[in-house]
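Here's the letter readout for the chains.
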Amino acid sequence: MPILAGPVLPAGALRGLEQPRLTVDDELVLRPWRVDDAAVVRAAFDCPAIQRWHARRIDSDDEAREWIAGWAGRWADETDASWAVVGSRNGAPVGQIGLRTVSLSEGVAQLSYWVLPADRGGGVAGRAARAMASWTFGTVGLHRLELRHSVANTASCRVAGRLGFGLEGTARGSTLHADGWHDMHVHARLRTDVAGATGVNPVDGAGGGG
C-alpha cells in the first residue's frame, strides 16, 4: 500500500554516515563511546538524579560495556545514537548527549543528555545540545527535534527554553519512572525555526529526555 506522504529521509540516511566527532567549542568535543569509558558510565548511573530521570542503573563494568557496545547496533538500525561529551584537552567524558526514537520517515528524533555531578554548573548540557541540534538539522536533515522531560525536572525545562525549544504542551502520565507515572513537558524545534537564544546555557541538569 503506497504511503502518500514522505518519507522525509530515506533509510540509510543515518547509518550511511560514520558516527562523527563533533567540536562543541574550545573546551568540549562529542565523540562515540569507547570501551574504556565503562568506569565513567557506571559512575554516572550511580548518581541518584541520573537514575531518577533515566529510570535505570548500571551495577557493574560489564553492564557498562554492554551499554556502550549496544550503540553501534542502534546506529546501524537507525533508531538511537549516543555520544560521550568529553573535555577537548584530556578526552575524559563529562556527560552524554544523544538522539532517541529516531524516525527517518517522519524526520523526527528526541534529544537526550546527562552530565556527571562534578561537571554540572558550567553549561555542559546546553552547549552539547546546541552542537547536536546543529548537526542533526544541518547534516542529517531531520525536520523536528524534541526534548521531553518530567515536569518535576525544572533544570531540563530551563535548558530547553534557553536552546529555543518551545514548550508545546504536557503529555499526562506518559512516562513511568521508579516513583510512578510522570507528566512530561514536550519541547521542540523545527529545522525551519529561527535560531533560539544565542547565549550559552548556564544551567545543567542531571539529565533530559527522562
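To be clear, the structure that these remarks concern was listed above.
Residues numbered from 1 in each chain as written. Predicted model: local features only at pLDDT ≥ 70, side-chain atom pairs only at ≥ 80, totals over all residues. Heavy atoms only, no water.

A. Helix α3 (residues 61–77), seen in detail. Helix length check: α3, at 17 residues, gives a terminal C-alpha distance of 25 Å against a target of 24 Å (1.5 Å per residue), a fit within 8%. Listed as buried for α3 are Ala-64, Trp-67, Ile-68, Trp-71 and Trp-75. Buried residues in α3 make contact with α1 (38–44), β3 (81–87), β4 (93–103), β5 (108–115) and α4 (124–140). Positive backbone phi, approximately 60°, marks Glu-78, located one or two places after α3. (Helix = DSSP H or I, 4+ residues; strand = E, 2+ residues; numbered from the N terminus. Expected span 1.5 Å × (residues − 1). Buried < 20%, exposed > 50% of the residue type's maximum accessible area, 1.4 Å probe, protein only. Contact = heavy atoms within 4.5 Å.)

B. Seen up close, the environment of Asp-61. With respect to the helices and strands, Asp-61 occurs in helix α3. On the basis of relative accessibility, which here comes to 29%, the residue Asp-61 falls in the partly exposed class. Sequence separation of Asp-61 and Asp-179 is 118 residues, and the distance between their C-alpha atoms is 26 Å. If we ignore the near neighbours within four places in the chain, the residues touching Asp-61 are Ala-38, Ala-39 and Arg-42.

C. Structural context of the side chain of His-187. With respect to the element layout, His-187 can be found in strand β8 (residues 180–190). Residue class for His-187 comes out buried when judged on its relative accessible area of 2%. Polar side-chain contacts of His-187 include one of 3.0 Å to the side chain of His-149. In this structure, His-187 is in contact with Leu-145, Glu-146, Leu-147, His-149, Cys-157, Ala-160, Phe-165, Gly-166 and Leu-167, ignoring residues within four places of it in sequence. (Polar contact = N/O pair within 3.5 Å; in protein donor to acceptor, adjacent residues only side chain to side chain.)

D. Up close: the nonpolar core. In this structure, Leu-30, Ile-97, Leu-111, Met-132 and Trp-135 are the most contacted members of the largest nonpolar core, which totals 36 residues. Taken together, the elements giving at least two residues each to this core come down to β2 (28–31), β3, β4, β5, α4, β6 (144–150) and α5 (154–162). Element by element, the count of residues in this core is highest for α4, at ten residues. Setting aside residues no more than four positions away along its own chain, Met-132 makes contact with Leu-22, Leu-30, Trp-83, Ile-97, Leu-99 and Leu-111. (Core = buried A, V, L, I, M, F, W, Y, C linked by side-chain atoms within 4.5 Å.)

E. Fine view of the side chain of Arg-100. Among the secondary structure elements, Arg-100 is positioned in strand β4. In this structure Arg-100 is buried but unpaired, with Asp-80 as the nearest side chain of opposite charge at 4.8 Å. For Arg-100, the contacting residues outside a window of four places in its chain are Trp-71, Thr-79, Asp-80, Ala-81, Ser-82, Ala-109, Gln-110 and Ser-112. (Lys, Arg positive; Asp, Glu negative; His and termini not counted. Salt bridge = Lys/Arg side-chain N within 4 Å of Asp/Glu carboxyl O.)

F. Layout of the pattern of salt bridges. Taken as a whole and judged by the stated rule, the model has eleven salt bridges. Glu-78 is the partner of Arg-15 in a salt bridge, and the nearest nitrogen-oxygen pair spans 2.9 Å. One end of the pair, Arg-15, is in the segment before β1 (22–23); the other, Glu-78, is in the loop between α3 and β3, with 63 residues separating them in the sequence. Judged by relative accessible area, Glu-78 falls into the buried class, the value being 7%. Linking Arg-144 and Glu-168 is a salt bridge whose minimum nitrogen-to-oxygen distance equals 2.6 Å. Highlighted residues: Arg-144 in strand β6 and Glu-168 in strand β7 (residues 166–177), separated in sequence by 24 residues. For Arg-144, a relative accessible area of 16% translates into the label buried.

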